[in-house]
Amino acid sequence: MLTVGTDLRSTIVGIFRNASLVQTRQFSSCEALQLVEMEDSFQLGQVLARQMILIVISGAELRVLFKIHFNNSESDRLRRIKFRTPITDERIAAAKTLDYMKELTNQVCGRICRIFQRNDLVLGMCIPLSMHGFYELYTDYTLDDGKLKKFGDAWKINGDFGSLVCTSYVEIMEPTAVTNLQYVDEEVSNDDDELEFL
Amino acid sequence: MSQNNELLACYKVLSMLETASDNTETMLDNMPGVVVVLNQNLQVIRANQEFVKLSGRDMETVLGFKFVNLFSSENADILQRQFALLKNGRQFNKRIDFELEITLADEKKTTRQFYWQASLVSFKKGAEGDLISISGKDLSELYQSEMKLKNIFSNLPLGMLMIDEKGKVKEVLSQFSEVLFDRNELVGLSFSKLVEEAENGADRFIVEGLSNLSNCFGQSKNNYDNVEKTFPKKIAITDSHSTHTKWLSINYQPILKLNRIDGFILLIEDVTETEQAKKEIERVSVLERQILTVYEAAIRDPLSGLYTRLFMKDSVKSLIGNFHRDSIEELAVLMMDIDHFKSINDTYGHKVGDTVISEIGRIILKCVRETDIAIRYGGEEFLIILPSNMSNMTSARIVAERIREDVANYKLTLASGEEVAVTISGGAASCGKGENIDLVIERADGYLYQAKRSGRNRIITEGDSEAAK
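**Student:** How should I be thinking about the interface of chain B and chain A in this particular structure?
**Tutor:** Interface extent is often summarised as the accessible area lost during association of the parts. Facing 14 residues of chain B, the contacting portion of chain A comprises 17 residues. Those elements that place two or more of their residues in the side of chain B that touches chain A are α1 (3–29) and β2 (44–47) of chain B. Of all the elements, α1(B) adds the most residues to the side of chain B that touches chain A, at six residues. Residue classes in the side of chain B that touches chain A are distributed as seven nonpolar, two polar and five charged.

Below is the structure:
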């Protein structure tokens, strides 16, 4: 079981980080992936890569804006770990990579949703939306405003392929509903859960 | 609307937004010229293809590229100052325009001149700080064309000056202008004064004309043609050593703004050689006229008005040439001599003798045709060459008889009232093809001798068995 923090922020951030790493490993069939902290100079809101995939996870208790920032060349290398057939046409390769990254982001967010579901928090998620990485400028990362608890986070997933950057921004509307949040992921859950996928 | 429909609508809208965003970004990527957005550290956070090419990177690695790295250290300082000006006060409607050269990261360190426009992006101050949007236009080709044009102008042997409303030289468009006026610097000088000094005091018309030039400014083009006539078109200037006069031709090209004269471009050409050539042509022409007069005097006997023997050589040679080439069918030679001319001289004096020769010359000229050549062959001897298309002797006889008759009918009245009668005799011979003219003259002279011996005042032609009167 992956460790997560004890306070609410650390727990939620931990869930996102671990879910992203585990799901990326699983989706890419690449075990040699590492979760790496951002550089000290980094600030949320900075442009991180040429592309990004965005998904909104939302429920009555909280709202999450989850993004994976990537460059095509690196994510294409990641895709090829599993799908080795080379694609000669550049445009098709780019479209395939984009679809691949959308699916990865979708799977990571799906995993996050399932973890929250185990904590009796039912969240919905939108379809993945691809955008130019430059639009990260427009992301709202404002912190607590007194009414809502808000926080953001960013981390890297590094491997031989290069690097992906994940960012999340959480707005908690019902703090009491998430106070006792437990990190229970699928790897440590019982086999029944696994069977659901089989 | 059911939940499924809502989801579907949502999906459609998002797909549409995604496509729209993608298309917009592609358009931005392919925009002509350089487009780049910098963060507060002057690092690239968005760039189009042109900039990517310029930076020698690709679309992914260009992110975070330090914009100032495109510039030499001196130009990077200038750039930083420009950006500091822009950020000063955070005025989002402020734009700065400047030209600055970039240095490419290739081996040759190629430089290219760019025209830049930079402005602050109106945006909340986020993690990237104040954003600067920059567009750049490559002026290298324009500069190269300009340089080429400048070189052409510089090397043209033509002065080109731009004159302002005060009649002063505003801009020197060709370096040759300074050479023409023998000056190191022309800008700011009054063109009128320049001409005045160069001419060592220009005449009144030049000064007035140049003053009209200044008065034209702001005037309508419609009135220009009349004023333009007063502008000096040619001036003569003396170099600083006062050894050489240079002729300059000036062409005035008005620069119009809303049909009003806003400036002048003066095209100045050194026409010294043309002027010298003109003078040379004039000199040669005078010389030619003089030579012609001398020649005329040499070939024309002043007393009789007939040609001299000197002319005979050339003219007869040409005539014989034509004759031998069959341009002339027949040719006859008529030799005439005044009867008893010596006694006229002896009796009445040489002055009367000269008058007789003069009058007979006039009669001969009156009787011959334009094609005939009448020559004063000796003192009182006349030779007439008669080309003809009819029987040579018929033609010669007609002319000879007419002269003889006219001379016989002529009476010279002296101051004393006395009348002097004169007669003339002649002999004519026909010239055969290829025959030597001297032999023909000799034969004609023989017939003349026969005419004299037969009693004078008569003509004997070749073939005549008897003298004809």
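**Student:** Teacher, can you tell me more about the nonpolar core here?
**Tutor:** As a rule of thumb, nonpolar side chains are buried together in soluble globular proteins. Counting 65 residues, the largest nonpolar core has Ile57(A), Ile68(A), Ile112(A), Val36(B), Leu38(B) and Val44(B) as the members making the most contacts within it. Element by element, the count of residues in this core is highest for helix α3 (residues 90–118) of chain A, at ten residues. Leu38(B) has contacts with Gln43(B), Val44(B), Ile45(B), Phe67(B), Leu131(B), Ile132(B) and Ile134(B), leaving out every residue within four places of it along the chain. One finds Tyr307(B), Ile357(B), Ile363(B) and Tyr377(B) within the second-largest nonpolar core, a separate group that totals 47 residues.

**Student:** I would appreciate a short explanation of the packing of helix α11 (residues 341–348) of chain B against helix α12 (residues 350–367) of chain B in the present structure.
**Tutor:** Helix packing for two helices is described by the angle between their axes and how far apart those axes are. Residue and element names in this part refer to chain B. Contact geometry of α11 with α12 gives a least axis separation of 6 Å together with a crossing angle of 140°. It follows that α11 is oblique to α12 by the angle criterion. Residues Phe341, Ile344, Asn345 and Tyr348 of α11 touch α12, and the partners they reach there are His350, Val352, Gly353 and Val356. In the contact of α11 with α12, the residues fall into five nonpolar, three polar and no charged.

**Student:** What exactly am I supposed to notice about the sheet that holds strand β3 (residues 95–103) of chain B here?
**Tutor:** By way of backbone hydrogen bonds, the strands of a sheet pair with one another, either parallel or antiparallel. Residues and elements named next belong to chain B. Sheet architecture is open: five strands sit in the order β2-β1-β5-β4-β3, paired in antiparallel fashion. Only two strands of the sheet have a single neighbouring strand rather than two, namely β2 and β3. With direction set aside, neighbouring strand axes in the sheet form an average angle of 25°. Looking at chain direction, β3 and strand β4 (residues 111–120) are connected through nine bridges and run antiparallel. Pairing of Ile102 across the sheet is with Arg112, part of β4.

Conventions and cut-offs
- Residues numbered from 1 in each chain as written.
- Chains lettered and ligands numbered in written order.
- Predicted model: local features only at pLDDT ≥ 70, side-chain atom pairs only at ≥ 80, totals over all residues.
- Contact = placed C-beta atoms within 7 Å.
- Helix = DSSP H or I, 4+ residues; strand = E, 2+ residues; numbered from the N terminus.
- Nonpolar A, V, L, I, M, F, W, Y, C, P; charged D, E, K, R; others polar.
- Core = buried A, V, L, I, M, F, W, Y, C linked by C-beta atoms within 7 Å.
- Buried ≥ 20, exposed ≤ 12 C-beta atoms within 10 Å, placed from the backbone.
- Axes fitted to C-alpha atoms, helices over the stretch in contact; angles between N-to-C directions.
- Parallel < 35°, antiparallel > 145°, perpendicular 65-115°, else oblique.
- Pairing = 2+ DSSP bridges.

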